[in-house]
Amino acid sequence: MATLPSAERRAFVLKINRYSSAEIRKQFTLPPNLGQYHRQSISTSSGFPSLQLPQFYDPVEPVDFEGLLMTHLNNLDVELARELGDFTEDTLDVVFTPKECRTLQPSLPEEGVELDPHVKDCVQTYIREWLILNQKHQGNSEICRFKKVGSRKDFHKTLQKQTFESETLECSEPRAQAGPRHLNVLCDVSGKGPLTACDFSLRSLQPDQRLENLLQHVSAEDFEKQNEEARRTNRQAELFALYPSVDEEDAVEIRPVPECPKEHLGNRIWVKLLTLKFEIEIEPLFASIALYDVKERKKISENFHCDLNSDQFKGFLRAHTPSVAPSSQARSAVFSVTYPSSDIYLVVKIEKVLQQGEIGDCAEPYMVIKESDGGKSKDKIEKLKLQAESFCQRLGKYRMPFAWAPISLASFFSVSTLEREVADAESMVGRSSVGERRSLSQSRRLSERALSLEENGIGSNFKTTTMTINSFFKQEGDRLSDEDLFKFLADYKRSSSLQRRVKSIPGLLRLEISLAPEIINCCLTPELLPVKPFSENRTRPHKEILEFPIREVYVPHTVYRNLLYVYPQRLNFTNKLASARNITIKIQFMCGEDPSNAMPVIFGKSNGPEFLQEVYTAVTYHNKSPDFYEEVKIKLPAKLTVNHHLLFTFYHISCQQKQGASIESLLGYSWLPILLNERLQTGSYCLPVALEKLPPNYSMHSAEKVPLQNPPIKWAEGHKGVFNIEVQAVSSVHTQDNHLEKFFTLCHSLESQVTFPIRVLDQKISETTLEHELKLSIIWLNSSRLEPLVLFLHLVLDKLFQLSVQPMVIAGQTANFSQFAFESVVAIANSLHNSKDLSKDQHGRNCLLASYVHYVFRLPELQKDLPKSGGSTALPDPRYHTYGRTSAAAVSSKLLQARVMSSSNPDLAGTHSAADDEEVKSIMSSKIADRNCNRMSYYSSGNNDVPSATGAPRPTSKKHFHEELALQMVVSTGMVRETVFKYAWFFFELLVKSMAQYVHNMDKQDNFRRTRFSDRFKDDITTIVNVVTSEIAALLVKPQKETEQAEKINISLAFFLYDLLSLMDRSFVFNLIKHYCNQLSAKLNNLSTLISMRLEFLRILCSHEHYLNLNLFFMSADTAPASPCPSISSQNSSSCSSFQDQKIANMFDLTPEFRQQHFLTGLLFTELAAALDAEGEGISKVQRKAVSAIHSLLSSHDLDPRCVKPEVKVKVAALYLPLVGIILDALPQLYDFTAADARGGKNRSSGSDEEQDGTSGINQNVALAIAGNHFNLKINGPMLSSLPYKQYNVLNADTTRNLMICFLWIMKNADQSLIRKWIADLPSMQLNRILDLLFICVSCFEYKGRPSSDKVSTQVLQKSRDVKARLEEALLRGEGARGEMMRRRFPGNDRFPCLSENLRWKKEQTQWRQANEKLDKTKAELDQEALISGNLATEANLIILDMMENIIQASSALDCKDSLLGGVLRVLVNSLSCDQSTTYLTHCFATLRALIAKFGDLLFEEEVEQCADLCQRVLHHCSSSMDITRSQACATLYLLMRFSFGATSNFARVKMQVTMSLASLVGKAQDFNEEHLRKSLRTILAYAEEDKAMQTTPFPTQVEELLCNLNSILYDTVKMREFQEDPEMLMDLMYRIAKSYQTSPDLRLTWLQNMAEKHSKKKCYTEAAMCLVHAAALVAEYLSMLEDHSYLPVGSVSFQNISSNVLEESAVSEDTLSPDEDGVCSGRYFTESGLVGLLEQAAELFSTGGLYETVNEVYKLVIPILEAHRDFRKLTSTHDKLQKAFDSIISKKRSGNKQVH
């Protein structure tokens, strides 16, 4: 690349470049912290079995945590650590939480009965408290998350509203409409042309309020101090409270708390019966309602009986109702529906008191007589009423069917929502695919949903409705069964033909159907227990109706329920005597055979007692084979015996009253024993009927199998079954599953004294076979049906865990069931996980098992009264002796068989490779081999697992559950082992909970962490962690990667170690973590996968409540122990190490000492550094994960109430200082917001080079560019292009922003004096990196405004690519920060496909500030978000300002401050270009004034480019509509002038810059307000007049002169606005303005460029090109005066061939212009590169306009300059363009010739 003559280089550039190119190259190739990384290649190809990893990636030896605490405890800052929870104590607390009981009293069996062991266990399980592990000082995750999200609603109320000018402008837009008229008046004042001074005097305006003390002399130090104090007031303490919470996609550390097990309730519907009336009211009627599902042909609820009769009719039955219980007077019912469907019907059945006649005859009066008819009808009604009364008195306890009515609920369960509802219902009760990741909220069970139907979509459609039914279907005597009912309902659903076929009875039933509210006052459960809240004085309660779901509901039992439903269905007495016609059945529940043994356990119906001893079925008149639809609900006794049975007595009822005849005629008996082989009998039965009195002991046998009696029993139909009945139980005591029944029975036979042989189902088991049978029953457990297994899951697991540690003596021998119990648990866990009907949480954990471990599991209580073994002979090690017992072979074969049968995952078998097995065997054998095989037996005298206590001795035979479980996990093999580690989370959580309980139960003196667990147990834990890590690696390197499974296991292992940190020796756990990291590194062959797995693992560990204490954050460097490993110090450049204080520098580096002392933080930083440094497929996702992990941690610290104190935050920030070094090294990878956010018009002058569109990745040259090491050093050019940064992934916008906020948090909270010391010792290379980082931060956290400001954003996005912008290619060789900015933009364009990143940012911008998400957001919410984001922008910029002040103060002593000044100014100017709040601008201008006061001389001498930018930005703010901003900007501008005058006794340079800036603003800014600017000019004038110190100098006069000049330019603005709609007049005016500046080259050049831009916008390309040719001629005139080079044009004369008008520019002569003085011609265009740039742009525009011959003339001037500089790249492109121009000429001539011919 060509270099410019040395004379043209700015002086400060020469000062900066004091390092050799070799040093700089070294700095680039070996950034601190990662020096070693580039020495070794990272192979990500699958051909290599392992990765070549950098040395720093291996974990160091962790600090001896426990030892350190014991030895250093007194010296450390323990008070600080205690604030975060006392780390010396245990952090896990065992809490007993009472179960939430819905009812006033828990559901319990009847009192005074000796319960069976099984029933006792069940009841105990249902009523005992939950046992929950709590973190004592939970502060890091859940609390903070709540604080961050939960209380965010109120957080905005504490914030101060930040004022942004962009928003005030929007508010005042309507007022602006009147603007032009006012301006016209101003124009008319003068009536003169633009060249005359404006008569509008500045002095007639009122100046703004001036800043106090501005003109007082204050030392720079005091000024800085005042500024700092001002900045520190009213600051937001918690930066992350302002930052939107990050997407939870990466938040693996959130371990969902499982839902508390509770009683299952479906979607609840409240039905209230209001009125039941018929045309005539002559007798009492009885209603019952129930739900039926037509599609499933199933009754889905029990019956609800309701009595709506008047007191008069109730009086008819008084003789038959001895008492009326309040519970029987309910008129409203709460139904539960688990699976909503449009096929559900509410069926109302009406019965009446039995009377003589068919149903049709009895119904006829209701159909033909109307009470309203009067006369005869009235008499008939009275007669019928008297008749009914007599029937009631005589037959009042018998009923007959009368009518029924269906009510479809399809309108409530609307079709549109049904699919979703059913899917929701299925997820609630468990249905979901195995691989699906569900959040906890999605997998809630119905119990929660039932409380609020709104949630599942039903609520929006299920309105409260009052329904009126005006007609009923008459019951058909021969079609009363449920089967007939379903046929009727199907017909009814299909068409209305049913109404025509079946006679209807007119009537009125009014009922109200609504959603059941969450709390219903005065409600009763199906067992009639009062539900909270329950007011005693209420007479009419509501009843909950039990649901019979159409499919299984997988919710474990949590309440005692023991109900039996009896459904008599059909009786066939066709061949019986003629006397059997009006048949009823009396149903009783008997506990013996005597009539007095009938138990009052049958639930009563309406308006009667709660419980009855007997109940009668409805009578069908004159039907010998009647159907029944009765439902008899029985409360089963808790203790059932062989004597309990159901007794059915059949009667004929005489409807006619005969003298002396009994109403009831006995027809026969039947019965059903409740127990068969000790098991509850349920199902359908066809029973024979005995026609005579039953013999003694009949109940001991079933009716079908009664032995022959003497005399023999007389049976109907010769002992054939004639009576059909169905019995169903809803019980949380009776399992109704053979496998479960056998298992529980055998378990209880061990626990209590029983007589052998015992009967289990149809099998007798002797004591000798008990062990074998119990083992078999354990194995077969998993073969039981899933529903009963789930229902009794808690009890099954409790029993299995008890068997695993309970010492058993069977038939004089010790039996060990540990292995079988463990394998059964594994099989059950496998079944539950593999079932598609059961839900999982987002970590793939089965919800049922998760809630069991969390709430239910407790250490098994060992039975103390078990028989002891006789002799004291030593028994073999109980761990292994089960293998050698006699029945083992048989059991093993059954076990294998059971596995094959029960495994629902076919992939499990045979997937385990031999290599894996070998590896695991080697791990295990090494552990098992060195065990002592003669370990104490159960009955030995001592227990060597725990140091012996001095208090009460522990039971000698005790096995510790956690040790047994760990052992079984270690010694498991084959498929069992594979399943154990597949669902390791369950076993890990069991281990942790059992360990916590063990510690909780320990004596205090055993509480040292090092000694509380045995060495053997620690060995087992080490083995388990090693095996699980191997399993993870094995899954990831398989050809068919099982990544999801590996991730789940990885997360489980992390949570396990997380919990162990609260229980075990922390040094031991740290070593486990170290081994895990090493093992994964050794086995994985993909770097992104490796980092990703380790990151998720560490993220969980770092979310520990005591993370800060675990990292010894309170320890200073000198208290740290000596490092045991060789130092791998970071590679600093030689220039840096020569003067850097190593100790402070090391605090910002990831040193081995840091990684050892702060172990977890060190590991996390290592992952971040490696992720940022890596390359390859999928690495960007890993980088996002790494940054997200750090961000999440810092966010939790910031919002942790324990970290509120500043001294704590300082220590925490110190822990994160190495992150600063990592971020600085990643600078080239950061997303460049300055390129992405192309701003125009209002916020930046559109000519500013910073805003050009480009790639979003920061170019690799950025560090050098800022440091001033330019491309004009030939040696560096080609070398930089080959730097390793070239291949780096550029982070996306969100990741960069998250990293930036972390950086700002550290800078905000760290010890500021430490930061200043660090900065003072940094080389300028690193300092400039920091400045560049701050530059990006400014753009990153720019305020984006309210969402309503769409107009502004569209203006911003439609930024024109003006002519001036296209000069960049030429300016790449220029000097100053602008040239550097250009260079950092362009070289990288073709490297990264960053357009997609750009688009992604535009898309995700909404996620960051959330304000763009207008959907479903109220104005208040949008205002709130704008308030928070405004505060974030202000706080972020103030932190940046604090850092700038630190840099300024720290570098004051350095000799390189001149180079820093440019960087500092660049950042400040960038911040002034952004939309800022008045709060920030006040502080920013104060800092600028301090900077001007401190470095004024340097500013005006060296930083010409920055000075120009600064003037433009300050002037822009002088036109602000905000008074406070204007006054600050005025003060700053005045100070700028004052100091420039003091520095050079002539502030011509500043005058020129200000004038040019104003001209530029006038020409381009859309929202420019000259009224406000005039006011600002008046204020500056006031300052000059009031400045007593300067009155004796020519300064005030020069200021007034300048202001007058500026005022006249403003007048031009008024004129230009007047002609805004008339382009010709506008251009003419601009031409005249440019002409008026003939003697001011800089201003003329500015206006020529303004004209070129306007022409270009109007697509007048030739005119635009001519403007640029004039500009180039002007520059050529200047250059020819300055230097005499033969290759340069000789002034404007050389341009004659292009246009003769160019000679106008020669008017500039040495008489009117002295270039070296007055600051004129100091702009960047008055250089050779500027001239070339102008000419090249002119040539392009000529080409676009079609003047190809002129293109040649332009390039004739350019080519000599390029040849002189030997810029062959440019020459190539120039000649290429010339060729295209000539080709165009030729092609045009050809086409012209053709037209002529």
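1. Comments concerning the overall build of the chain
Alright, step 1. For the chain, the count of helices and strands is 66 helices and 30 strands.
Alright, step 2. Looking at the 1797 residues of the chain, the share that counts as buried comes to 61%.
Alright, step 3. Long-range pairs, those at least 24 residues apart, make up 82% of the contacts in the chain between residues at least 6 apart in sequence.
Alright, step 4. Here the chain displays about 69,900 Å² of accessible surface, and carbon together with sulfur accounts for 51% of that area.

2. Some words on helix α18 (residues 482–494)
Alright, step 1. Look at α18: 18 Å from first C-alpha to last across 13 residues, which is about the 18 Å you get at 1.5 Å a residue.
Alright, step 2. For α18, the full list of buried residues reads Asp484, Leu485, Phe486, Phe488, Leu489, Ala490 and Asp491.

3. Brief notes about the packing of aromatic side chains
Alright, step 1. Taken as a whole, this structure holds 42 aromatic pairs when the rule is applied.
Alright, step 2. Centre to centre, the rings of Trp404 and Phe488 are 5.6 Å apart; their planes meet at 35°, and the pair counts as tilted. Taken together, the residues Trp404 in strand β9 (residues 399–408) and Phe488 in helix α18 connect sequence positions 84 residues apart.
Alright, step 3. Note on Trp404: relative accessible area 2%, which makes it buried.
Alright, step 4. Taking relative accessible area as the criterion, Phe488 reaches 3% and is therefore assigned buried.
Alright, step 5. Grouped by ring-pair contacts, the aromatic residues Tyr345, Trp404, Phe473, Phe488 and Tyr492 constitute a single cluster.
Alright, step 6. A cation over an aromatic ring shows up here: Lys272 above the ring of Trp270, its NZ or CZ 4.2 Å from the ring centre.

4. Considerations on the sheet that holds strand β21 (residues 645–653)
Alright, step 1. An order of β19-β16-β21-β22 is seen for the 4 strands of this open sheet, with the pairing classed as antiparallel. What marks the edges here is a single partner per strand, and that holds for β19 (614–616) and β22 (664–673). Geometrically, the sheet is characterised by an average inter-axis angle of 20° between neighbouring strands, direction not taken into account.
Alright, step 2. Two strands pair when backbone bridges link them, and strand β16 (residues 583–590) and β19 are joined in this way by 3 bridges, in the antiparallel orientation. Each bridged residue has a counterpart across the sheet, and for Gln588 the counterpart in β19 is Glu614.

5. Topic: the confidence of the model for the chain
Alright, step 1. Across the chain, the average pLDDT comes to 75, with 72% of residues at or above 70.
Alright, step 2. Mean pLDDT across the elements of the chain bottoms out in helix α45 (residues 1277–1280) (28) and peaks in strand β20 (residues 632–635) (97).
Alright, step 3. Within the model, the stretch residues 139–151 combines pLDDT values under 50 with 33 contacts to residues more than four positions away or in other chains.
Alright, step 4. A low-confidence stretch, residues 927–957 stays under pLDDT 50, and its non-local contacts, those more than four residues away or across chains, total 60 contacts.

6. Looking at the nonpolar core
Within soluble globular proteins, side chains that are nonpolar generally end up buried alongside one another.
Alright, step 1. Counting 344 residues, the largest nonpolar core has Phe986 and Ile1073 as the members making the most contacts within it.
Alright, step 2. Apart from the residues lying within four places of it in its own chain, the contact partners of Ile1073 are Leu1057, Phe1097, Leu1101, Phe1159, Leu1160 and Leu1163.
Alright, step 3. With 46 residues, the next largest nonpolar core counts Phe278, Ile282, Ala330 and Leu384 among its residues.

7. Structural notes on the pattern of salt bridges
Alright, step 1. Counted under the stated rule, the structure contains 58 salt bridges.
Alright, step 2. Close ionic contact of Arg570 with Asp627 constitutes a salt bridge, the shortest N to O distance being 2.9 Å. Residue Arg570 is found in strand β15 (residues 562–571), and its partner Asp627 is found in the loop between β19 and β20; the two are separated by 57 residues along the sequence.
Alright, step 3. Residue classification places Asp627 among the buried positions, given a relative accessible area of 11%.
Alright, step 4. One salt bridge in this structure joins Arg1466 and Asp1332, with 3.0 Å as the shortest N-O distance. On the criterion of sequence distance, the pair formed by Arg1466 in helix α54 (residues 1457–1473) and Asp1332 in helix α48 (residues 1324–1340) is long-range, its members being 134 residues apart. Considered together, Arg1466 and Asp1332 belong to a single accessibility category, that of buried residues.
Alright, step 5. Here the residues in one salt-bridge network are Glu228, Arg231, Arg232, Arg235, Lys1308, Glu1435, Asp1442 and Glu1445, joined through shared partners.

8. Re the pairing of β21
Alright, step 1. The element β21 is extensively covered by neighbouring structure, given that 9 of its 9 residues are classed as buried.
Alright, step 2. Burial of β21 is two-sided: the residues His645, Leu647, Thr649, Tyr651 and Ile653 facing one way and the residues Leu646, Phe648, Phe650 and His652 facing the other way are all buried.
Alright, step 3. As judged from the 8 bridges shared by β16 and β21, these two strands associate in the antiparallel manner. Bridge pairing links Lys586 to Thr649 in β21.
Alright, step 4. Summarising the sheet, β21 and β22 pair through 9 bridges and their orientation is antiparallel. Looking at β22, one finds that His652 is bridged to Ser665.

9. Quick notes on helix α25 (residues 847–856)
Alright, step 1. α25 sits mainly inside the fold: 9 of its 10 residues count as buried.
Alright, step 2. Among the residues of α25, those classed as buried are Cys847, Leu848, Leu849, Ala850, Ser851, Tyr852, Val853, Tyr855 and Val856.
Alright, step 3. Elements in contact with the buried residues of α25: β2 (130–135), α22 (786–791), α23 (793–805), α24 (818–834) and α30 (984–1001).
Alright, step 4. N-cap assignment for α25: the residue whose side-chain oxygen lies 2.9 Å from the backbone N of Leu848 is Asn846.

10. A word on the side chain of Thr125
Alright, step 1. Residue position: Thr125 is located in helix α5 (residues 117–127).
Alright, step 2. When neighbours within four sequence positions are excluded, Thr125 is seen to be in contact with Lys99, His794 and Leu795.

11. Details of the packing of helix α28 (residues 961–971) against α30
Alright, step 1. Running from amino to carboxyl end, α28 crosses α30 at an angle of 155°, the nearest separation of the two axes being 8 Å. Here α28 is positioned roughly antiparallel relative to α30, judged by the angle of their axes. Here α28 and α30 pass one another in a crossing that is left-handed. Contacts between α28 and α30 involve Phe961, His962, Leu965, Ala966 and Met969 from the former and Phe987, Phe988, Leu990, Leu991, Ser994, Met995 and Tyr998 from the latter.
Alright, step 2. For the contact of α28 with α30, the class distribution of residues is 10 nonpolar, 2 polar and no charged.

12. What to know about the packing of helix α64 (residues 1728–1745) against helix α65 (residues 1748–1764)
Alright, step 1. Put simply, α64 and α65 touch, their axes get as near as 9 Å, and they point 160° apart. When the axes of α64 and α65 are compared, the pair comes out roughly antiparallel. Between α64 and α65 lies a crossing whose hand is left-handed. Of the residues in α65, those in contact with Glu1728, Leu1731, Val1732, Leu1735, Glu1736, Ala1739, Phe1742 and Ser1743 of α64 are Tyr1748, Thr1750, Val1751, Val1754, Tyr1755, Leu1757, Val1758, Ile1761 and Leu1762.
Alright, step 2. Here the residues of the contact of α64 with α65 are counted per class, giving 13 nonpolar, 2 polar and 2 charged.

13. Focus on a negative patch on the surface
Alright, step 1. A cluster of acidic residues, Glu281, Glu371, Asp379 and Glu382, forms a negative patch on the protein surface.
Alright, step 2. With respect to the helices, strands and loops of the structure, Glu281 is situated in the loop between β3 (267–278) and β4 (285–293).
Alright, step 3. According to the relative accessible area criterion, Glu281 is partly exposed, its value standing at 32%.

14. Topic: unusual backbone geometry
Alright, step 1. Note that the residue after Lys532, namely Pro533, is joined by a cis bond; omega there is -10°.
Alright, step 2. When you line up the elements, Pro533 lands in the loop between β13 (530–531) and β14 (542–544).
Alright, step 3. Non-glycine residue Arg297 carries a positive phi angle of around 50°.
Alright, step 4. Secondary-structure assignment places Arg297 in the loop between β4 and β5 (298–299).
Alright, step 5. When its relative accessible area of 40% is taken as the criterion, Arg297 is described as partly exposed.
Alright, step 6. The phi torsion at Asn697 lies on the positive side, around 60°, for a residue other than glycine.
Alright, step 7. Within the element layout of this structure, Asn697 appears in the loop between β25 (683–687) and β26 (723–731).

15. Comments concerning the environment of Lys277
Alright, step 1. Structurally, Lys277 is set in strand β3.
Alright, step 2. On the basis of relative accessibility, which here comes to 42%, the residue Lys277 falls in the partly exposed class.
Alright, step 3. Along the primary structure Lys277 and Arg510 are separated by 233 residues, whereas in three dimensions their C-alpha atoms are 9.0 Å apart.
Alright, step 4. In this view, Lys277 contacts Gly507 and Leu508; residues no more than four positions away in its chain are not counted.

16. As for the environment of Phe1335
Alright, step 1. The topology assignment puts Phe1335 in helix α48.
Alright, step 2. Its relative accessible area of 0% is what places Phe1335 among the buried residues.
Alright, step 3. Residues Phe1335 and Thr1234 lie 101 residues apart in sequence; the distance between their C-alpha atoms is 8.4 Å.

17. Looking at the side chain of Ser654
Alright, step 1. Within the element layout of this structure, Ser654 appears in the loop between β21 and β22.
Alright, step 2. Once residues within four sequence positions are removed from consideration, Ser654 is found in contact with Arg394, Leu395, Ser662, Ile663 and Ser665.

Reading the values: the criteria
- Residues numbered from 1 in each chain as written.
- Predicted model: local features only at pLDDT ≥ 70, side-chain atom pairs only at ≥ 80, totals over all residues.
- Heavy atoms only, no water.
- Helix = DSSP H or I, 4+ residues; strand = E, 2+ residues; numbered from the N terminus.
- Buried < 20%, exposed > 50% of the residue type's maximum accessible area, 1.4 Å probe, protein only.
- Contact = heavy atoms within 4.5 Å.
- Areas by Shrake-Rupley, 256 points an atom, 1.4 Å probe, with all protein chains shown as cover.
- Expected span 1.5 Å × (residues − 1).
- Phe/Tyr/Trp six-rings, centres within 6.5 Å; stacked < 30°, edge-to-face > 60°.
- Lys NZ or Arg CZ within 6 Å of the ring centre and 35° of its normal.
- Pairing = 2+ DSSP bridges.
- Axes fitted to C-alpha atoms, helices over the stretch in contact; angles between N-to-C directions.
- pLDDT = per-residue confidence, 0-100.
- Core = buried A, V, L, I, M, F, W, Y, C linked by side-chain atoms within 4.5 Å.
- Salt bridge = Lys/Arg side-chain N within 4 Å of Asp/Glu carboxyl O.
- Polar contact = N/O pair within 3.5 Å; in protein donor to acceptor, adjacent residues only side chain to side chain.
- Parallel < 35°, antiparallel > 145°, perpendicular 65-115°, else oblique.
- Left-handed = near helix turned anticlockwise from the far one by under 90°.
- Nonpolar A, V, L, I, M, F, W, Y, C, P; charged D, E, K, R; others polar.
- Patch = residues over 30% accessible without salt bridge, like charges linked within 9 Å, V, L, I, M, F, W, Y side chains within 5 Å.
- Lys, Arg positive; Asp, Glu negative; His and termini not counted.
- Charge placed at Lys NZ, Arg CZ, Asp CG, Glu CD.

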